[in-house]
Each structure stands twice: as C-alpha cells, then as structure tokens.
Amino acid sequence: EDPSLERHFKGHRDAVTSVDFSRAKKQLVSGSMDSCLMIWSMKPQMRAYRFMGHKDAVLCVQFSPSGHLVASGSRDKTVRLWIPSVKGESTVFKAHTATVRSVHFSSDGQSLVTASDDKTVKVWTVHRQKFLFSLNQHINWVRCARFSPDGRLIVSASDDKTVKLWDKTSRECIHSFCEHGGFVNHVDFHPSGNCIAAGGTDNTVKLWDVRMNRLLQHYQGNSVVNSLSFHPSGNYLVTASSDSTLKILDLLEGRLLYTLHGHQGPATCVAFSRDGDFFASGGSDEQVMVWKTNFDTDDGDVVKPQKYGSSVDGSHGTGHSEMDCGIHQRKTKTQDSGRTPEHQEEENSLANTLEHIIGQLDVLTQTVSILEQRLTLTEDKLKECLENQQKIIQNKTN
C-alpha cells in the first residue's frame, strides 16, 4: 500500500514551520509563523491546545523523549520549555541574540541543543535550565542542529553552505562537509548514529558517513529541500520540499519510492513518529497533515516496500555497497538465549516505571523553574522596597 493521508489538522493562522510526535504517538505538536504552538490529539474528537507565549514566529518545536516537555524556538530570540497540559505553563531560556531556528533534545532528555541566526549553536541542561556552552565556527545563520543518538556528537547546518560535526565533550569541530551548493536547511543523524543526511537550497539530499567523512548517497531533486526525517528502521528518509511535495527515499535501493502531493504551496516540515507508523507534515498553507506510512514489514525484518514510485528525479544513490552505516543490520527474530517472556515482561514494566519517574522529574524541573522565576521577581521587588526605604531614610536625615 502507498502512504495515505490519515488526519488533517487546521487551526494555525499562518505557515506551519515545525512538527513532532510525542513518544506514545498520542499527541502531535506544531509550531507556526502565527507565534503559537498547537498540540493536537491523535484521538478523534479530542480538542487541540493552543499555547501562546512567544512574541514572534515559532520556528521549531520538539517533544522531550519522555513526552512530558516541549521545547520551542522563536524569532523573538528565546527558547521555551512547555508542559504540554491544559495550563501550558512555560519557562524561558535567553542566551541567543537572534532568531532561534532549531531545538533538539538529547536522547536521554538531559540536554538541549539550539541553533540561531546569531551564527552559534548552544547547549543547555534541561533540568537545571542553564546555558552550558556555545559552538562558534559558522560564519552565517545556523538553520539546524541535532545530537547523535548516543549524545556524543552534534551536527549543525548553516547558510554558510557547510554541515559541521562537533564533539560535545571537547566542544571541537571534528569535520566540515562543504559539498553543498547552497544554504543547508536541515540535517539529522541516521538512527545508527553512523551517518547524517542534509538537504537544502541546492535541491539535493546528501548522506555522509561520519566515521569516514565521505559522501554515501546523493539525491538530486528539482526543488528546495526544507526538512527531512529518517524512518526509525533507518531504511527510509522522507523530505519536505518547496514544490509542495513530500518524497520518500529508499536508502537501501538508493532511489525515490514515492512522491506525495498534499500541501498547497511549500511543504515546510516533516517528521516520522517514533515507531515509524506515521509521519506528519506542515506547510505554508497553514495545515498539518498526518500520513500513515503503510510500509510492509515482515516480522520485524528489514522493511520491504511494496512498489516503487514512477518518478525518480534522476536520483543516483550509490546503492547497497556504500550503505554500510547500520542500514543492513537485520533484527534477529530469536530472543536472546536465557530470555523468557517473564523476563521480557519484567523489563517492560521496569522500563515503564522508569519512564514514569523521568516524566515526574521533568514536571518537577518545570515547577521548580517556575518557582525560581517567581522567587526572582519577589527578590527584585524586595530589593526595590529596600532601596526606596534607604532613600526615604536618607531624605529624612538630610
């Protein structure tokens, strides 16, 4: 079966800039040029929430891995952390001096990386809500920054036409990929962590191996690539382009599988759900669309597509031999020896408990942070009062 349109969300009053699914796939968050975030429920008849707080266009949104926080970045130069609940309380991070174009949580949910028109990439701690450090080697706006799955590397894409790879611990730039012929709009890590994909205004998608720093695949399209997302299996990539299409690339075959038409006007953002069953897209037509992936999977083996798309856009991937970045590792169907279903159940319930604890931590963090903000306000007021009293006393003694 081909990918099919599943849901259609309308509510934004300007172009949609960013979309992301929560881990449990129950919710979808979107950001828009209308300065709002919307949280949509995947359950029918459930109302959407509109979060207001940013003073200008929201350009990027992401759920934390646990799903208990949402980060957003805006043209108002701030980053916000929201609790995705009815109240929609948020705390503000200020360190960038220009538009914030990208926010991304590390996979353990402890760090946040942001990219901005101030030409820097910044890293923050989520729980203490503190700015940690900047990476400053880009010489133009930074459009996108992502952590590697293991959190050790950061990749960033810029209007200086480079994609840079950074070591988070040493804060050094390990490598610059300079093969792009235009601004690089979006970059992300393959789920294996061994390669990255980038797309931009030169109408191409390029995949590089980050261990050997060499080009693996190159897809030539006919329109600006605004956004891309890897399927969790690592075998597919979906892109959103200015010609209003979404394209699904088969990375094993090195060719275009599907071209999807849904948006009127440029498709601005696209993201797979965490299990890969769905993907969401947003466009300058103010709409958010959710698509059912419909890839045929056989028993957790490598995903096998049903049929190939007819329009191939002259893409020339470098095929099987080159894609050794974890794409070919098939999942084995046998359970690890000595693992009984009971063990599996215990592990699952333990994982769920841990998830719950992490979630509670996120909420606590947020509450503490809100309290800290209120305390600071109170302290400022107190200081003002004391200063006024001093003045009054001085005036009297004079």
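All values derive from a computational prediction rather than experimental measurement. (Residues numbered from 1 in each chain as written. Predicted model: local features only at pLDDT ≥ 70, side-chain atom pairs only at ≥ 80, totals over all residues. Heavy atoms only, no water.)

Description of unusual backbone geometry
Part 1 of the argument: Positive phi outside glycine occurs at Ser35, with the angle close to 75°.
Part 2 of the argument: Mapped onto the elements of the fold, Ser35 is located in the loop between strand E3 (27-32) and strand E4 (36-41).
Part 3 of the argument: Non-glycine residue Gln129 carries a positive phi angle of around 50°.
Part 4 of the argument: Positionally, Gln129 belongs in the loop between strand E12 (121-125) and strand E13 (130-135). (Helix = DSSP H or I, 4+ residues; strand = E, 2+ residues; numbered from the N terminus.)

Some remarks on the nonpolar core
Part 1 of the argument: Counting residues in hydrophobic clusters, the biggest one holds 15 residues, and the most contacted among them are Leu246, Ile248, Leu260 and Phe279.
Part 2 of the argument: At the level of secondary structure, the elements contributing two or more residues to this core comprise strand E23 (236-241), strand E24 (245-250), strand E25 (255-261), strand E26 (267-272) and strand E28 (287-292). (Core = buried A, V, L, I, M, F, W, Y, C linked by side-chain atoms within 4.5 Å. Buried < 20%, exposed > 50% of the residue type's maximum accessible area, 1.4 Å probe, protein only.)

Overview of the pairing of strand E7 (residues 70-74)
Part 1 of the argument: Along E7, five of the five residues are buried, which leaves the element largely enclosed by surrounding structure.
Part 2 of the argument: Going residue by residue along E7, you find Val70, Ser72 and Ser74 tucked away on one face and Ala71 and Gly73 tucked away on the opposite face as well.
Part 3 of the argument: Where strand E6 (residues 58-63) and E7 come together, five bridges link them in antiparallel fashion. In the strand pairing of E7, Val58 is matched with Ser74.
Part 4 of the argument: If you look at the hairpin formed by E6 and E7, you'll find six residues sitting between the two strands, and Gly67 has a positive phi there, around 85°.
Part 5 of the argument: Judged from the four bridges that link them, E7 and strand E8 (residues 78-82) form a sheet pairing that is antiparallel. Its bridge partner being in E8, Ala71 is matched across the sheet by Leu81. (Pairing = 2+ DSSP bridges.)

Describing the UniProt feature "repeat: WD" (unreviewed entry) in the protein
Part 1 of the argument: According to UniProt, the "repeat: WD" (unreviewed entry) feature falls on residues 9-50, 51-82, 93-134, 135-176, 177-218, 225-259 and 260-292.
Part 2 of the argument: Annotated as residues 51-82, this span is 0% helix and 56% strand, and its ends, taken at the C-alpha atoms, are 9 Å apart.
Part 3 of the argument: Counting secondary structure, residues 225-259 comes out at 0% helix and 66% strand; the distance between its end C-alpha atoms is 13 Å. (UniProt positions renumbered as here; feature names shortened; annotations may be inferred.)

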